[in-house]
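# Reading the structure
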Amino acid sequence: METKESTTNISTVPRTMRAAQMTAFRGPIEVREVPVAAPRADGAVVRVEASGVCRSDWHFWNQDLAWIGFNLTLPTNTGHEVGGVVEEIGRDVRTVKVGDRVTIPFHESDGTCEQCRAGFQNLCDHVIVGGVQRVGGWAQYITVTAADLNCIRLPEAVDSLSAAALGCRYMTAYRAVVDRGRVQPGQWLAVHGCGGIGLSAVQIASAADAMVVAVDIDDRKLAKAREEGAAATVNARTLTPEQVGQAVKDATGGGAHVSMEALGRGFTFHQSIQSLRKRGRHVQMGITSQEERGQVALPVDLLTLMEWEVVGSLGNPHPKYAELLALVARQKLHPARLVTRQIALGDVSDTLARMTRFDTVGFEVITRFT
Ligand SMILES: [Zn+2]
Ligand SMILES: [Zn+2]
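Cut-offs used in this document
Residues numbered from 1 in each chain as written. Chains lettered and ligands numbered in written order. Predicted model: local features only at pLDDT ≥ 70, side-chain atom pairs only at ≥ 80, totals over all residues. Heavy atoms only, no water. Donors = N, O, S within 2.8 Å, 3.2 Å for Na, K, Ca; no water. Buried < 20%, exposed > 50% of the residue type's maximum accessible area, 1.4 Å probe, protein only. Helix = DSSP H or I, 4+ residues; strand = E, 2+ residues; numbered from the N terminus. Pairing = 2+ DSSP bridges. Axes fitted to C-alpha atoms, helices over the stretch in contact; angles between N-to-C directions. Contact = heavy atoms within 4.5 Å. pLDDT = per-residue confidence, 0-100. 1 Å grid on protein atoms, 1.4 Å probe; cavity = no way out; pocket = protein on both sides within 12 Å on 5 of 7 lines; lining within 4 Å. Points joined across faces, edges and corners; volume = space filled by probe spheres on them. Nonpolar A, V, L, I, M, F, W, Y, C, P; charged D, E, K, R; others polar. Tetrahedral: all angles 85-135°; square planar, octahedral: opposite > 155°, others 65-115°. Core = buried A, V, L, I, M, F, W, Y, C linked by side-chain atoms within 4.5 Å. Right-handed = clockwise from strand over helix to strand, strands pointing away.

## As for the coordination of the zinc ion (ligand 1)
Looking at the zinc ion (ligand 1), one finds its protein donor set to be Cys-54 (SG), Ser-56 (OG), His-80 (NE2) and Cys-168 (SG), positioned 2.0 to 2.3 Å from the metal centre. Of note, the zinc ion (ligand 1) draws all its donor residues from one chain, in the sequence arrangement C-x1-S-x23-H-x87-C. For the pair shown, Cys-54 and Ser-56 are each scored as buried.

Structure follows, in structure tokens:
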């Protein structure tokens, strides 16, 4: 980190801020006064106006992702779905200005590695994730690197709440539906798991005139999926993966063209695979946890016989934000409609506890920081 001398503007950013901090894994989240990190020469400080509590934060809190290298040093504040206003920039920042309203992808990228230069900043070799490599967005301010790349300016019509909703779950679903799933109008998409990512996929695919069958074990989430455009739903609570697959085949006249796993469990992966019609495409969005450590059996004979494709999908490359934000600005897509609760910094523990019980529907976003 460089010092404040690297900035060109007279900073109005205070030296300390309130942040919701993890002090122990699975322990209560405490609101504390912590320092605001100064920006690097290429960085910026963004005043956070809205900040989501994502299932990946919950995984961090549970230490689920340590096995893939996401090791948190406590205390820290996570949070990687942010909408806010640029308050300070480093001396080498060229295009971002103080006062810009921005969103920040959860995969903050360096812009210089092979993947970034090829346009796949979502796969950056030196990715920075809030809470892991630096403090995150459950705070009044967030300090961003490579600001010209990672601060993505919002159109006038896109507010901070929508920007926060776009930070991880919604943009992940967007890439999964549009780029990795290549879901076409009139095709059937099956969405397995109707948490934040799953509901986002339902909304995005429905807006693109695909037909969606939503699968979950919670009728409230299935009801929300119907509100977001799902043409059919399957409650999988008492069903085996094969039975779920059959229910999807019944609902879709032979199986989904594209099927997505949006939870990160072996059984939902199997449900998804079993839902496909011939030449179908499975898109993996969920990340498993300590139990499975990413190891899920793959029915390779069926892969051959059905000519199925299995693809992964992670985040959304920075250049793809232009089209996504244009669709939000024109109200073709409505990420903020998935925000079911606006909370205060001090409410994060409560949200995480309800996530443990899978008792949240849609997104919960911090919008009160004092
Ligand atoms: Zn996330
Ligand atoms: Zn990179």
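Having seen the structure, we can now continue with the description.
## Topic: helix H8 (residues 266-274)
Here H8 lies mainly inside the structure; seven of its nine residues are buried. Among all positions of H8, only Gly-266, Thr-268, Phe-269, Gln-271, Ser-272, Ile-273 and Gln-274 are buried.

## Notes on the sheet that holds strand S8 (residues 188-192)
Sheet architecture is open: six strands sit in the order S10-S9-S8-S11-S12-S13, paired in parallel fashion. Because the sheet does not close on itself, it has two edges, and the strands there are strand S10 (232-235) and strand S13 (309-312). Within this sheet the neighbouring strands show an average axis-to-axis angle of 20 degrees, counted without direction. Of the strand pairs in this sheet, strand S9 (residues 211-216) and S10 are connected by four bridges, and their pairing is parallel. Across the sheet, residue Val-215 finds its bridge partner in S10, namely Val-234. On top of the sheet, helix H4 (residues 160-180) reaches S8, strand S11 (256-261), strand S12 (276-284) and S13; it is set at about 145 degrees to S12, its chief contact. The strands touched by helix H5 (residues 196-207) are S8, S9 and S11; relative to S8, the strand with the most contacts, the crossing angle is about 170 degrees.

## Structural notes on the confidence of the model for the protein
Overall, the predicted model of the protein reaches an average pLDDT of 94, with 97% of residues at or above 70. Under a pLDDT of 50 for its full length, residues 1-5 has, in the predicted model, twelve contacts with residues more than four places off or in other chains.

## Here we look at empty space enclosed by the protein
For the structure shown, the criterion picks out one cavity of 30 Å³ or more. Each pocket or cavity is described by its volume, and for the largest cavity that value is around 50 Å³. In terms of residue class, the lining of the largest cavity is built from five nonpolar, three polar and two charged.

## Considering the side chain of Ser-313
Here Ser-313 lies in the loop between S13 and helix H10 (321-329). Among all residues touching Ser-313, those that are not within four sequence positions of it are Thr-172, Arg-175, Ala-176, Arg-180, Val-283, Gln-284 and Met-285.

## Quick notes on the coordination of the zinc ion (ligand 2)
Every protein donor of the zinc ion (ligand 2) is accounted for by Asp-110 (OD), Cys-113 (SG), Cys-116 (SG) and Cys-124 (SG), and the metal-donor separations fall at 2.0 to 2.3 Å. One way to put it: the four donor atoms around the zinc ion (ligand 2) meet at angles of 96 to 124 degrees, and that makes the site tetrahedral. When the donor residues of the zinc ion (ligand 2) are listed from N- to C-terminus, their spacing reads D-x2-C-x2-C-x7-C. Of this pair, Cys-113 sits in the loop between strand S5 (101-104) and helix H2 (114-117) while Cys-124 is found in the loop between H2 and strand S6 (141-144), placing the two residues eleven residues apart along the sequence. Across this residue pair, the class does not change: Cys-113 and Cys-124 are buried.

## Some remarks on the nonpolar core
Core analysis: the largest hydrophobic core is formed by 49 residues, its most contacted members being Tyr-170, Val-177, Leu-189, Met-260 and Leu-324. Going through the elements one at a time, H4, S8, H5, S9, helix H6 (219-227), S11, H10 and strand S15 (363-368) are the ones with two or more residues in this core. Top contributing element to this core by residue count: H4, with twelve residues. Ignoring any residue separated from it by four or fewer positions in sequence, one finds Tyr-170 in contact with Ala-165, Ser-200, Gln-203, Ile-204, Leu-324, Leu-333, His-334, Pro-335, Leu-338 and Phe-363.

## Description of the pairing of S15
Bridge analysis of strand S3 (residues 44-53) against S15 gives three bridges, and the strand direction is antiparallel. Considered in S15, the bridge of Gly-52 is made with Val-365. Between strand S14 (residues 339-344) and its parallel partner S15, the chain crosses via helix H11 (residues 348-356), and the hand of that crossover is right-handed.

## Concerning the pairing of S11
Of all six residues in S11, five are buried; the element is thus mostly enclosed. Relative to S11, S8 is paired through four bridges, and the arrangement is parallel. Its bridge partner lying in S11, His-192 is registered against Glu-261. Two strands pair when backbone bridges link them, and S11 and S12 are joined in this way by five bridges, in the parallel orientation. What sits directly across from Ser-259, in S12, is His-282. Crossover S11 to S12 through H8 is right-handed.

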